[in-house]
Every structure is written in C-alpha cells, then in structure tokens.
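# Coordinates in review
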Amino acid sequence: MAVTATDDVTESKLLLAEYDCIKEEQKTRIGFRDNLLYFTLAAATAVVTITVQSGQLRLLLAVPLICLVLGWTYLVNDEKISAIGCYVRDQLGPRLSELTGARGAVFGWEIYHRNDASRTTRKRLQTGVDLFTYLALPMICVAAFWCSPGIHPLLVVVSLAQTLALAVLGWQFLRYSER
C-alpha cells in the first residue's frame, strides 16, 4: 500500500500497510516451510539410494545432518508463521478495531480458523508427520548404521551426537506444536 505525499497518513493506514507486509511475509514463509518438507524427503531418499547402491552404510549418517539443518529451518519458519498470526490477532487487529470503532474482530479469519473443531486433530497429525520426517527417519538411518558391520568408532561418536541433537529437535517440535 503506497502512500503519496498528498495522502493523509493515518495510524489506520499505517496499520493496514503493516498488515499487508506481514501477511505477505507469512505467505512466503508458509511456501518455504512446506517446500522444506518435500526437499528433506527428496534429499533423504537420494542419500538412502546412494547408500544402497554403494553399500557404504556410513553414508546414512548424512540423513540426520540433513534432517537437523532442514528440520531446524522448518521449525523456525513455522514459529514465525504462528507468531505473525498471533501478532495480527492480539496486537494489530485490536489496535485497528479501536481506531476505527469497528464492532467485532478486525481480521476475523485470524480468530475464526483457529476455532475449527478438527484443528487439534490436524495439528497432532502434522506434528506426527514432522516428527517422522525430522526425527524418526534420521533415527532409522542411525540405527541401520549402528547395525552395520565394522563401524568406525569416530563415526559412532558422531552418530551419538546426532542422536542427541535429534532428541533436542524433537523436543522443540513437541514444544512448538502446542500453539
């Protein structure tokens, strides 16, 4: 929303301009976050395929690294998406409502869609998908590595560090899923 020199700049206009900007950021983050899930699955599949073809099971330790980096990025974007919604609901909407004297909620969708009866189930299912992708899948690869013959002790230490990092990531996913 561009404001020219002849326009009266009001707080309401500034709030609407802010709304437009942060909703655009939210939309961009949603697209990026959703693509991270697909990219993670594609990258893990590629590593597993190369591992099977080469017979070098130590390559499976790339999957936890991929899942840690992309999972953390996914989680940060998801948190920012939720924070934008919260800001619109709790700060921006009420301020605009007060300025305009509107009866009822401004930006009603931000509240309305959260009251859907199936929302809790969908959030739990999404958390399950996230945990499978970013925690279970890499742990399956770590376990397969541990079961392989002749593993190098240094790689065992690396896999243990990855396991700890994955546990922290999993805890963060559970912590943020409550929103």
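Calculation criteria
Residues numbered from 1 in each chain as written. Predicted model: local features only at pLDDT ≥ 70, side-chain atom pairs only at ≥ 80, totals over all residues. Heavy atoms only, no water. Axes fitted to C-alpha atoms, helices over the stretch in contact; angles between N-to-C directions. Helix = DSSP H or I, 4+ residues; strand = E, 2+ residues; numbered from the N terminus. Parallel < 35°, antiparallel > 145°, perpendicular 65-115°, else oblique. Left-handed = near helix turned anticlockwise from the far one by under 90°. Contact = heavy atoms within 4.5 Å. Nonpolar A, V, L, I, M, F, W, Y, C, P; charged D, E, K, R; others polar. Expected span 1.5 Å × (residues − 1). Buried < 20%, exposed > 50% of the residue type's maximum accessible area, 1.4 Å probe, protein only. pLDDT = per-residue confidence, 0-100. Phe/Tyr/Trp six-rings, centres within 6.5 Å; stacked < 30°, edge-to-face > 60°. Core = buried A, V, L, I, M, F, W, Y, C linked by side-chain atoms within 4.5 Å. Bend = angle between axes of the 7 residues up to and from the residue. Polar contact = N/O pair within 3.5 Å; in protein donor to acceptor, adjacent residues only side chain to side chain. Salt bridge = Lys/Arg side-chain N within 4 Å of Asp/Glu carboxyl O.

All right, on to the packing of helix H1 (residues 11-54) against helix H4 (residues 119-146) then. It is at 11 Å that the axes of H1 and H4 come closest, and there the two elements cross at 15 degrees. Classified by the interaxial angle, the pair formed by H1 and H4 is roughly parallel. Considering the relative orientation of H1 and H4, their crossing is left-handed. In contact with Leu-36, Leu-37, Thr-40, Leu-41, Ala-44 and Val-48 of H1, H4 contributes Val-129, Thr-133, Tyr-134, Leu-137 and Cys-141. Along the lines of polarity and charge, the residues of the contact of H1 with H4 split into 9 nonpolar, 2 polar and no charged.

Under the 1.5 Å per step criterion, the end-to-end length of H4 is 39 Å for 28 residues, consistent within 8% with the ideal 40 Å. Along H4, the residues that are buried comprise Arg-119, Thr-127, Asp-130, Thr-133, Tyr-134, Leu-137, Pro-138, Cys-141, Val-142 and Phe-145.

Bringing the confidence of the model for the protein into the picture now. Within the protein, residue pLDDT values average 91, and 96% of them lie at 70 or more. Confidence, read as mean pLDDT per element, is least for helix H3 (residues 109-112) in the protein (80) and greatest for helix H5 (residues 153-176) (96).

With that settled, consider the packing of aromatic side chains. In total, this model carries 4 aromatic pairs according to the counting rule given. Geometrically, the ring pair formed by Tyr-19 and Phe-107 is stacked, given 3.9 Å between the ring centres and 5 degrees between the ring planes. Linking Tyr-19 in helix H1 with Phe-107 in the loop between helix H2 (62-100) and H3, this pair joins segments that are 88 residues apart in sequence. This pair shows no difference in class: Tyr-19 is buried, exactly as Phe-107 is. Put simply, the rings of Tyr-74, Tyr-134 and Phe-173 touch in pairs and so form one group of aromatic residues.

Before going further, it helps to spend a moment on the nonpolar core. The nonpolar side chains of a soluble globular protein tend to be buried with one another. Ranked by internal contacts, the top residues of the largest apolar core, which has 18 residues, are Leu-36, Val-63, Tyr-74, Leu-75, Tyr-134, Leu-169 and Phe-173. When residues of this core are traced back to their parent elements, those giving at least two are H1, H2, H4 and H5. The element best represented in this core is H2, accounting for 6 residues. The next biggest cluster of nonpolar side chains, apart from the first, holds 9 residues, and it includes Tyr-19, Ile-22, Val-88 and Leu-92.

Compared with an ideal rise of 1.5 Å per residue, which puts 39 residues at 57 Å, H2 spans 55 Å between its outermost C-alpha atoms and is within 8% of the ideal. Of all the bends in H2, the greatest measures close to 40 degrees and is centred on Val-88.

Once that is clear, we can look at the side chain of Thr-40. Within the secondary structure layout, Thr-40 lies in helix H1. Among the polar contacts made by the side chain of Thr-40, one reaches the side chain of Tyr-134 at a distance of 3.3 Å.

Another aspect to go through is the pattern of salt bridges. Per the counting criterion, the structure on display carries 8 salt bridges. One salt bridge in this structure joins Asp-78 and Arg-33, with 2.6 Å as the shortest N-O distance. Taken as a pair, Asp-78 in helix H2 and Arg-33 in helix H1 lie far apart in primary sequence, 45 residues in all. Each member of the pair, Asp-78 together with Arg-33, is buried. In the salt-bridge network here, residues are joined through shared partners; they are Arg-33, Asp-34 and Asp-78.

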